Amino acid sequence: MHPPLLEIRDLCTWFPVRRGVLQRTVGHVKAVDGVSFTLNKGETLGLVGESGCGKTTVGRTLLRLVEPTGGKILFEGRDVLKMGSAELRQLRRRMQIIFQDPGGSLNPRMRVGRIVGEPLEVHGIAEGDRLRDMVEKLLERCGLWAAAADRYPHEFSGGQRQRIGIARALALNPSLIVCDEPTSALDVSIQSQILNLLKDLQVEFGLSYLFISHDMAVIHHICDRVAVMYDGKIVEEGTRQAIIEKPQHPYTQRLLAAVPEADPRRPRDRVRLEGVKM
């Protein structure tokens, strides 16, 4: 057995609540409270839960876009929280993120070629004609065209903008990509195209995904394992088949019951969530 690519141990991310003229801390919002899981190479782990459960905070914390309150983040056996700025800069090449809003994550004043090529320039990987060539190949691999490099983000549809975001995430040849609800802002028909693209890229480049979503149907389509989050904690974890077919926790059952049914005549089991305890 190979060691996991990513290991999270008792991760906590609390945000202070301040009140009064002196803005004293009177409490904390426990967005993430004791979360633990592992992610293997080439695997997709789905982190699923309703809005506000803390799943996006988990993704941003493991990339250190948000600093944690406690716990451990091990990437390839190295403690991410003990890394200095130089080590963290190198780590950025191995861990990337695809944001939920494809429009808001792209600088409207920059052409697409510069958006996708900026990580390559910052890390000193390419410049000039070689940079242009690498950017064009990335865009084409993500379903766009080479000339798209000369256009601005507002000239593209939502699905095309998300393809630009995927190309940018791929630019540094990462091992892990955090997919923060990458299809939730897209039409259903476009969602399937983006999911299939991500699956193809995973096979081609050997990627591992932490796939964050509130949609159990999307999780079922793309993930190997599933971790269900509720109120800052993971309440159930298992293989995709086990979670979908035999959910044990009432909250997981409620999420599955909320998935739309294609046949309106088919009876639905309504799950009530009353006083769920962690």
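Residues numbered from 1 in each chain as written. Predicted model: local features only at pLDDT ≥ 70, side-chain atom pairs only at ≥ 80, totals over all residues. Heavy atoms only, no water.

### Considerations on the side chain of T13
For step 1, the next point in the chain: Mapped onto the elements, T13 comes out in strand β1 (residues 6-19).
For step 2, the next point in the chain: Of the residues examined, T13 reaches a relative accessible area of 0% and is grouped as buried.
For step 3, the next point in the chain: A polar atom in the side chain of T13 sits 3.2 Å from the side chain of T61. (Helix = DSSP H or I, 4+ residues; strand = E, 2+ residues; numbered from the N terminus. Buried < 20%, exposed > 50% of the residue type's maximum accessible area, 1.4 Å probe, protein only. Polar contact = N/O pair within 3.5 Å; in protein donor to acceptor, adjacent residues only side chain to side chain.)

### Some points on the layout of surface pockets
For step 1, the next point in the chain: By volume, the largest pocket amounts to about 410 Å³.
For step 2, the next point in the chain: Lining the largest pocket are 18 residues, and of these R92, M95, Q96, I97 and P119 lie nearest its centre.
For step 3, the next point in the chain: Every element with two or more residues in the lining of the largest pocket is listed here: α2 (85-91), β6 (95-98), α3 (112-122) and α5 (158-170).
For step 4, the next point in the chain: A per-element tally of the lining of the largest pocket places α3 first, with four residues. (1 Å grid on protein atoms, 1.4 Å probe; cavity = no way out; pocket = protein on both sides within 12 Å on 5 of 7 lines; lining within 4 Å. Points joined across faces, edges and corners; volume = space filled by probe spheres on them.)

### Some remarks on the sheet that holds β1
For step 1, the next point in the chain: Pairing is antiparallel in the open sheet, where four strands are placed in the order β2-β1-β4-β5. The two strands at the open ends of the sheet, each matched to only one other strand, are β2 (24-39) and β5 (78-79).
For step 2, the next point in the chain: Summarising the sheet, β1 and β2 pair through 12 bridges and their orientation is antiparallel. Bridge pairing in β2 places C12 opposite D33.
For step 3, the next point in the chain: The sheet strands contacting helix α1 (residues 55-62) are β1, β2 and β4 (70-75), and the helix crosses β1 at an angle near 110 degrees. (Pairing = 2+ DSSP bridges. Contact = heavy atoms within 4.5 Å. Axes fitted to C-alpha atoms, helices over the stretch in contact; angles between N-to-C directions.)

### Points about unusual backbone geometry
Peptide bonds are mostly trans, and most non-glycine residues show a negative phi.
For step 1, the next point in the chain: The backbone of E181 sits at a positive phi, close to 50 degrees, despite the residue not being glycine.
For step 2, the next point in the chain: Counting through the fold element by element, E181 comes out in the loop between β7 (176-180) and α6 (188-205).
For step 3, the next point in the chain: Even without glycine at this site, D231 takes up a positive phi of about 55 degrees.
For step 4, the next point in the chain: Mapped onto the elements, D231 comes out in the loop between β9 (225-230) and β10 (233-239).
For step 5, the next point in the chain: The exposure class of D231 is exposed, given its relative accessible area of 55%.

### Regarding the pairing of β10
For step 1, the next point in the chain: Where β9 meets β10, six bridges bridge the pair, whose relative direction is antiparallel. Along β10, the bridge assignment pairs A227 with E237.
For step 2, the next point in the chain: Hairpin connection from β9 to β10: two residues lie between these consecutive antiparallel strands, with D231 at a positive phi of about 55 degrees.

### A word on the packing of α3 against helix α4 (residues 128-141)
For step 1, the next point in the chain: At a minimum axis separation of 9 Å, α3 and α4 run at an interaxial angle of 115 degrees. In the packing of α3 onto α4, the handedness of the crossing is right-handed. Packed against α3, whose contacting residues are V112, G113, V116, G117, L120 and E121, the element α4 presents L131, M134, V135, L138 and L139 at the interface.
For step 2, the next point in the chain: A breakdown of the residues in the contact of α3 with α4 according to their chemical character gives eight nonpolar, two polar and one charged. (Left-handed = near helix turned anticlockwise from the far one by under 90°. Nonpolar A, V, L, I, M, F, W, Y, C, P; charged D, E, K, R; others polar.)

### Digging into the nonpolar core
For step 1, the next point in the chain: Formed by 48 residues in total, the largest nonpolar core has its most connected members in L139, I166 and F211.
For step 2, the next point in the chain: Core analysis: the next-biggest nonpolar cluster, separate from the first, contains 28 residues, L11, V32, V58 and L210 among them. (Core = buried A, V, L, I, M, F, W, Y, C linked by side-chain atoms within 4.5 Å.)

### Notes on the packing of aromatic side chains
For step 1, the next point in the chain: Tallying each qualifying case throughout the model produces two aromatic pairs.
For step 2, the next point in the chain: Consider the rings of W145 and F156, whose centres lie 5.9 Å apart with planes at 35 degrees: the pair is tilted. Highlighted residues: W145 in the loop between α4 and α5 and F156 in the loop between α4 and α5, separated in sequence by 11 residues.
For step 3, the next point in the chain: A relative accessible area of 33% places W145 in the partly exposed class. (Phe/Tyr/Trp six-rings, centres within 6.5 Å; stacked < 30°, edge-to-face > 60°.)

### As for the sheet that holds β6
For step 1, the next point in the chain: Strand order in the open sheet made by the six strands is β6-β7-β8-β3-β9-β10, with mixed pairing throughout. One side of each edge strand has no neighbouring strand; the edge strands of this open sheet are β6 and β10. Ignoring which end each strand starts from, the neighbouring axes of this sheet average 20 degrees apart.
For step 2, the next point in the chain: Contacts between helix α9 (residues 250-257) and the sheet are confined to β3 (44-48), β9 and β10, with β9 contributing the most and set at about 105 degrees to the helix.

Spatial relationships are all this shows, so hold off on functional conclusions.
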